[in-house]
Protein chains: 4
Amino acid sequence: MSPGAAPAGQEAVQPLGVAAIGYAFMGRAHSHAWRNVSAFFDVPGIEQKVLVGRHAEEVAEAAAKYGWAESATDWREVIVRDDVHIVDICAPGWLHAEIAVAALEAGKHVLVEKPLANTLAEAERMAEAAAAARRRGIASMVGFTYRRVPALAYAKQLIAAGRLGTVRQVRASYLQDWLADEDAPMTWRLRKETAGSGALGDIASHAIDQVQYLLDDTVTGASGRLHTFVGRRPGPDGPEDVTVDDAAWATLSLASGAIASIEVSRIATGKKNSLRIEVYGSDGALAFDLERPGELEFLDATAPPEEAGFRRIVVTEPGHPYMAAWWPQGHMIGWEHAFTHQARDFLAAIRDGAAPTPSFEDGLQVQRVLAAIEESAAAKSATVHL
Amino acid sequence: MSPGAAPAGQEAVQPLGVAAIGYAFMGRAHSHAWRNVSAFFDVPGIEQKVLVGRHAEEVAEAAAKYGWAESATDWREVIVRDDVHIVDICAPGWLHAEIAVAALEAGKHVLVEKPLANTLAEAERMAEAAAAARRRGIASMVGFTYRRVPALAYAKQLIAAGRLGTVRQVRASYLQDWLADEDAPMTWRLRKETAGSGALGDIASHAIDQVQYLLDDTVTGASGRLHTFVGRRPGPDGPEDVTVDDAAWATLSLASGAIASIEVSRIATGKKNSLRIEVYGSDGALAFDLERPGELEFLDATAPPEEAGFRRIVVTEPGHPYMAAWWPQGHMIGWEHAFTHQARDFLAAIRDGAAPTPSFEDGLQVQRVLAAIEESAAAKSATVHL
Amino acid sequence: MSPGAAPAGQEAVQPLGVAAIGYAFMGRAHSHAWRNVSAFFDVPGIEQKVLVGRHAEEVAEAAAKYGWAESATDWREVIVRDDVHIVDICAPGWLHAEIAVAALEAGKHVLVEKPLANTLAEAERMAEAAAAARRRGIASMVGFTYRRVPALAYAKQLIAAGRLGTVRQVRASYLQDWLADEDAPMTWRLRKETAGSGALGDIASHAIDQVQYLLDDTVTGASGRLHTFVGRRPGPDGPEDVTVDDAAWATLSLASGAIASIEVSRIATGKKNSLRIEVYGSDGALAFDLERPGELEFLDATAPPEEAGFRRIVVTEPGHPYMAAWWPQGHMIGWEHAFTHQARDFLAAIRDGAAPTPSFEDGLQVQRVLAAIEESAAAKSATVHL
Amino acid sequence: MSPGAAPAGQEAVQPLGVAAIGYAFMGRAHSHAWRNVSAFFDVPGIEQKVLVGRHAEEVAEAAAKYGWAESATDWREVIVRDDVHIVDICAPGWLHAEIAVAALEAGKHVLVEKPLANTLAEAERMAEAAAAARRRGIASMVGFTYRRVPALAYAKQLIAAGRLGTVRQVRASYLQDWLADEDAPMTWRLRKETAGSGALGDIASHAIDQVQYLLDDTVTGASGRLHTFVGRRPGPDGPEDVTVDDAAWATLSLASGAIASIEVSRIATGKKNSLRIEVYGSDGALAFDLERPGELEFLDATAPPEEAGFRRIVVTEPGHPYMAAWWPQGHMIGWEHAFTHQARDFLAAIRDGAAPTPSFEDGLQVQRVLAAIEESAAAKSATVHL
């Protein structure tokens, strides 16, 4: 029996060993989650075994700081270790496929950051590997973490319960401004060969996943546009060409008949991290903004018109998803704890032998939408069917 | 039969002649109301007969501009004219009592701006005159205009319908900043002999009237404080002493057992005209801010806790007070049209032979609270019972 | 010399006679403006001569209520009257071209509600007539009234002053919900032959005009989509087909290089009248929402990052456009007074012999964009160049 | 040399052992801080040695969950252990004085939750013990944690830098609603003998500390009122009397001449945890609400009036206090991480041999204000001088 799985009537005893690959922004956020998940949720015991990175000294320092027992520089060695049961991939996108497939084949449960991959081909390969691994009882999951923001998880509950009636129109935007300054320097995120795309893959992927997740629906067609407002940026050896988009727009058809607009940008001056989602249905509406992560706006259109209004729900009640584990009402948890919830759900699925979501297949579906948007953008925005 | 009163089964035919006294800020706002009320509401016909002011040339110009047939400089002559049936007093507070009592005695319906008077003695005299006039079928009303802001009128309906359960705690503030600049010049509003008091009479009076109006309740005790932050201001002949308060605070006991806090200021930097009222009851809560006059926040605490939240009601539905007369939903009316509603209600009461509210007695009750706050402030904030 | 035009050094003496055609929603709003404009602004004297409508009795009643001296049922007779100098067309869109061209040819100044016309051909004819009339000193203007909302006029000033730097990305949406209920009945607004289009012409036209107005820019390309969510609605004789769009989406290229997204809807549950515009530039950003018409959000990105934030400007200062004419700071004016400002600007242009904006040519340009969106929508959203 | 203190030119090597007393709400929050502080901040090494509670089994479970090496039931034994260098008191208020004094006398650094004590006498004894300990190099601190919310720490910086000019008026409220339901049961927090007071000590203490902290000022006089709206509540053996206040009001004079109002409540229906602070100065203003903990509103009144407005600063920039240690801009941290910052500052002070703030003396000063409010409330709100 694999570690973490609970035999009937008894608790798992051997802790699950976790290895994380990557210790930058995402590695830090994931480490925080592994360090804290057991303090708030009843999950199988885990051990932060090893943190993997390219630079031996830096990763050793990071491992010590973030609570890992060891550090290492070669992920290939780590993912075959017997004391490692979970591989958590926080490396850049171009490494996802190789590591994930290898880890799955080595029989490890795999959590991989979004987007699933830089290319559709890679994503397909990963989804296949995940499906095969699933048949062997191995879990895999892609880190569309915002599904674990309590306000969004609650939004999904409201929609699933029919409180919005038939959903018709969705508006999803993700606006940031870290590239608004034209002197912001080149990074690997601005080169197509390393990042795959720009705002599209990085943040539109979140918006698209949310639309499909909240509505339990599938995108069937897309008209899209991509644009790079600042074409050259300072590199270490002088100006370099930016080869990915700064902003992206799309209009998406969904299988249900709903229509969603997507607009994402890294040059939306003054917007720091605003993933905003508005859902309009025949009987109600919802709005969420990641800049106010503890709130959900909900309008019940079945109320008398005089009384109807968007109500600001402070999503900190014990009855809200995940929140019973935290503080008394009104005490807001941080962005980082969506990762704690992600770890909780991943561990719970492993324990229960269930397939965690979003699956690699879900990640692949997002990837297909991204590809359709790119294809449409290259064809003067003409609609592409998926 | 007096003009404006409708005999059974038939419409009044002779229009009501209106005379307004004062053509500054309030005179302009009232003129706008008289000019427009008939275009939106079914009210007895009126004629803007005469505008009265001290300076012949200026008042003549104002009269022409604001739609009055004539102008005059002597209110004593005007209020006895046969073609004048309504006297609308927009003059400064120290003139209220004299004009109002004379007009009532001359058999004219009287609308007077708030606060009712500068002193409790004057207010009492006015209330007596109004009561006597009422017995002769003469209407009188004090201009606590904010009762006619649709959002506040709707708030009262919700409270009266029991949607808040037992009201316990009320927070009322009225914050402005036109005196935040210590170089803002002296005016009659900053001298005790002309203004009676400062922020207290000018804006706390509104807050107190709202508390009593919304809760249908009466203040029975008050602890208060007054303070002048900028004690001297530039006058035409050099610095002058400010002899009224810049800000006032009070805690009020109400007959029902509820407690209300009042805080008003003219030096609240950045606040332009923020009359804010929050009402907390056992079953719900309300919040209103005059800087967003078309909105009311309402929380229904009988909803499941997960769903409860302050809902932002856009108060433009036909079912909202006064709003059926205006534009389609979502089209906000301005501050000025609370005066239009006031004119509508005053005219409707005259037509129906009803006693309009707020009455002079209501105005006097506010005055008593103001006096109690002043008395308490002079006694180190010790509570004064009314 | 035509009425209203001021000879050098002297005021115009003969008042301008105004005739309004239409007395429904827009007719009421325009009447309110003509009735009040002179009370707040120094403009040539006007007289509300005649209100025109199809039903003699109803229009007579409306005329009396809204301050018009007379009523009439035949606009052809009215527009040739000597005592009529201004023709204000508030009739439905399919009548615009005929009335406007005739009135211009009769030498009358013409103000026409938006959108300019139901078809591109009509709009072109109107623009030609306006250009010809202009050469004869006759003024014409299309009623994109929101240009006269003080917050939007101030937004334009900030952009023109360079406070946003290079504008890159614009988001404009106009969301309403009066068709969210699938039982809302058929009206002329839902038939292509009378309305031309649905949300597109009615409200996207406002959004498009604002984008071009605020940026002083021109749309050069469009990808669009139209959709009808509720295809049949109850008519007097049973269900009828809705032949216009409920919602529309577009991505627009502007001559400057900026890109604007447009999204409009009549089924956005809970949104009453939300024209929302966000403008992102290299040095700053702006946001406006018509549901809070007295506010403008402005972010100055040249401030230190710690201090930067969207500031909520209460647009009621004397230094704000139009506001010196109104009340003290913090006293919000209503939606209806954008029409008062429109009347003011139209009259001032007539007095000064200037060409008022937005001109019929501006209206035609909006029409071209609408047509491009429709063309793109019919071609699977493929981009159409203007 | 005591553990944690760094000798010149060299890092401390021996980790500081921490013992926490109490494992309920506050114990959990403090544990989270100790568990995470080293992952984000460069602080002396610590070890979570022992968690102390009354019930052996429960505290053992809590210790395992929250990352403590051991658990214990007798705080007296723990505070004298050689491997314990820091005693963190999260026990209820009536235990503060005894534990804190004993721990300080045992030479341990002490962090104690707020309010400092239940009575003024206890608080004075603690402040004396802290002063004596300070002379022996022992640090002590009271947990007014909100000083470590980045938005409030930044607010203090803005005020200290003179950006508000002379501060005149402060409005501080702390509104919750967990007692709005009259069937909410009795707890130790509702009995005077265990809790000392109700909303006053529990939440007004936070508001008062913030006022003194933000303004760097001292309360010199207070008029206050206390009220219990629901006098009896269900206990395990039937209804019991509530002997503390549900709500409290105060008007405070500050040494600088500023005046602050305080209003706190546990029956403010719909308010979950709203500590709201507004500061009005001659040159600017600030507003903060704990229900939106990542935001600060700032108005710079030295800007031209047309441009002035409350700007919503998203307090996630690297230049904001504490935030360089966290995530990229726009990623909000949670309420719980104010405790992480508190641990960071306490550890840094120990390392540097500095006296951490807020000191026990600061806590005592808050206690004096609470006592003055109680005294005033007992004397019909007559002002009490401190």
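All figures in this text were calculated on a predicted structure; none of them were measured in a lab.

## What about the overall build of chain A?
When helices and strands are tallied, chain A shows ten helices and 17 strands. Taking 2.2 N^0.38 as the reference for a compact globule, 386 residues should give roughly 21 Å; the C-alpha atoms of chain A span a radius of gyration of 21 Å, in line with that estimate. Along the first, second and third principal axes, the C-alpha atoms of chain A reach 60 × 60 × 40 Å. Classification of the 386 residues of chain A by burial places 62% in the buried group. The contacts in chain A between residues at least 6 apart in sequence include a share of 68% that link residues at least 24 apart.

## What to know about the interface of chain A and chain C
With 33 residues of chain A at the contact, the number on the chain C side is 33 residues. For the side of chain A that touches chain C, the secondary structure elements donating two or more residues are strand E7 (167–175), strand E8 (219–227), strand E11 (247–254), strand E12 (259–265), strand E13 (274–281) and strand E14 (284–289) of chain A. Ranked by the residues each element gives to the side of chain A that touches chain C, the list is headed by E12(A), at four residues. For the side of chain A that touches chain C, the class distribution of residues is 14 nonpolar, 13 polar and six charged.

## Some words on the sheet that holds strand E3 (residues 70–72) of chain B
All names here are of chain B. Read from one edge of the open sheet, six strands run E3-E2-E1-E4-E5-E6, paired in parallel fashion. The open sheet is flanked by E3 and strand E6 (140–143), the only strands paired with a single partner. Direction aside, neighbouring strands of the sheet carry axes that sit 20° apart on average.

## Remarks on helix H6 (residues 150–160) of chain A
All names here are of chain A. Judged by how many residues are buried, H6 sits mostly within the fold: eight of eleven residues are covered. Taken together, the buried positions of H6 are Pro150, Ala151, Leu152, Ala153, Tyr154, Ala155, Leu158 and Ile159. Of the surrounding secondary structure, the elements contacted by the buried residues of H6 are E7, helix H8 (199–215), E13, E14 and strand E15 (295–300). Remark: Gly162 follows H6 within two positions and exhibits a positive phi of approximately 85°.

## Points about the domain arrangement of chain A
Residue and element names in this part refer to chain A. Each assigned domain of chain A is listed with its residue range as follows: domain 1 (16–146) and domain 2 (150–292 + 294–333 + 364–385). The C-alpha-based centres of domain 1 and domain 2 are spaced at 25 Å. Each side of the interface is counted separately: domain 1 has 17 residues, and domain 2 has 18 residues. Broken down by element, the side of domain 1 that touches domain 2 gets its largest block of residues, four residues, from helix H5 (residues 120–135). Class assignment for the residues of the side of domain 1 that touches domain 2 results in twelve nonpolar, three polar and two charged.

The rules we used
Residues numbered from 1 in each chain as written. Chains lettered and ligands numbered in written order. Predicted model: local features only at pLDDT ≥ 70, side-chain atom pairs only at ≥ 80, totals over all residues. Helix = DSSP H or I, 4+ residues; strand = E, 2+ residues; numbered from the N terminus. Rg over C-alpha atoms; globule rule 2.2 N^0.38 Å. Buried ≥ 20, exposed ≤ 12 C-beta atoms within 10 Å, placed from the backbone. Contact = placed C-beta atoms within 7 Å. Nonpolar A, V, L, I, M, F, W, Y, C, P; charged D, E, K, R; others polar. Pairing = 2+ DSSP bridges. Axes fitted to C-alpha atoms, helices over the stretch in contact; angles between N-to-C directions. Domains from an automatic or database assignment.

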